[in-house]
Amino acid sequence: MKHLRSSRLYTQLLEQMNNISKYAIDEMFIENSGVKVSSVAPSHLLIDYSFKQNGKPCRNENIARITALLLAQDFQLLQDSSIYQFKRYRIYRLNGKKEYGYRYTMHRYCKDQIFSFQSRMQKNASLFIR
């Protein structure tokens, strides 16, 4: 874990994650090929980070698992099971190789709270405009 934390791949990913700190993260997919992060509102892809070194894919079998653990250490909110659900899933590649990916998903009631808050803010803003 220390080796990956100090690597250029992880420090670049961490920098991108810090740049999106103002967004509520809906889902985060961590696979051996890279990391994808989407937001709740507005709903769009925030990060599509590829684990490539010198233009070639990094096919370390453990990179996804270690990255998922490091991100949870660096962003404590991901560890809160009342907000995010953490799951492992299987990926079958075209060559028949089985890999695992990891996913953090925000619970539905947390998303509903965000939507409710945004709705109240829009209503309050429209009162001031009139």
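Reading the values: the criteria
Residues numbered from 1 in each chain as written. Predicted model: local features only at pLDDT ≥ 70, side-chain atom pairs only at ≥ 80, totals over all residues. Heavy atoms only, no water. Helix = DSSP H or I, 4+ residues; strand = E, 2+ residues; numbered from the N terminus. Contact = heavy atoms within 4.5 Å. Areas by Shrake-Rupley, 256 points an atom, 1.4 Å probe, with all protein chains shown as cover. Lys, Arg positive; Asp, Glu negative; His and termini not counted. Charge placed at Lys NZ, Arg CZ, Asp CG, Glu CD. Salt bridge = Lys/Arg side-chain N within 4 Å of Asp/Glu carboxyl O. Core = buried A, V, L, I, M, F, W, Y, C linked by side-chain atoms within 4.5 Å. Buried < 20%, exposed > 50% of the residue type's maximum accessible area, 1.4 Å probe, protein only. Axes fitted to C-alpha atoms, helices over the stretch in contact; angles between N-to-C directions. Parallel < 35°, antiparallel > 145°, perpendicular 65-115°, else oblique. Left-handed = near helix turned anticlockwise from the far one by under 90°. Nonpolar A, V, L, I, M, F, W, Y, C, P; charged D, E, K, R; others polar. Pairing = 2+ DSSP bridges.

(A) Spotlight on the overall build of the protein. In terms of regular secondary structure, the protein is built from 4 helices and 7 strands. Along the longest, intermediate and shortest principal axes, the C-alpha atoms of the protein span 60 × 25 × 25 Å. Considering only contacts in the protein between residues 6 or more positions apart, those separated by 24 or more positions represent 51%. Roughly 8,700 Å² of accessible area belongs to the protein as shown, and the carbon and sulfur atoms make up 51% of that amount. Positive and negative side-chain charges of the protein, numbering 21 and 10 respectively, have mean locations separated by a distance of 2 Å.

(B) Geometry of the pattern of salt bridges. This model, assessed by the stated rule, comprises 5 salt bridges. The network of salt bridges with shared partners includes Glu31, Arg93 and Glu99.

(C) Highlighting the nonpolar core. In terms of nonpolar packing, the biggest core is built from 30 residues, with Met17, Met28, Ile30, Val37, Leu71 and Tyr104 touching the most fellow members. Those elements that provide at least two residues to this core are helix H2 (8-19), strand E1 (25-31), strand E2 (34-39), strand E3 (45-50), helix H3 (63-74) and strand E7 (98-106). The leading source of residues in this core is H3, at 7 residues.

(D) Region of interest: the packing of H2 against H3. Packing of H2 against H3 leaves a shortest axis separation of 12 Å and a crossing angle of 45 degrees. Comparing the axis directions of H2 and H3 gives the class oblique. The chirality of how H2 crosses H3 is right-handed. The segment H2 lies against H3, with Leu9, Tyr10, Leu13, Leu14 and Met17 engaging Ile63, Thr67, Leu70, Leu71 and Asp74. Classifying every residue of the contact of H2 with H3 gives 8 nonpolar, 1 polar and 1 charged.

(E) Main features of the pairing of E1. For E1, a buried count of 5 out of 7 residues is recorded, marking the element as mostly surrounded by other parts of the structure. Counting the residues between successive antiparallel strands, the hairpin from E1 to E2 contains 2 residues. With 4 bridges connecting them, E1 and E7 associate as antiparallel partners. For Met28, the partnering residue across the bridge sits in E7 and is Tyr104.

Take it as geometry only, folks, not as evidence of what the structure does.
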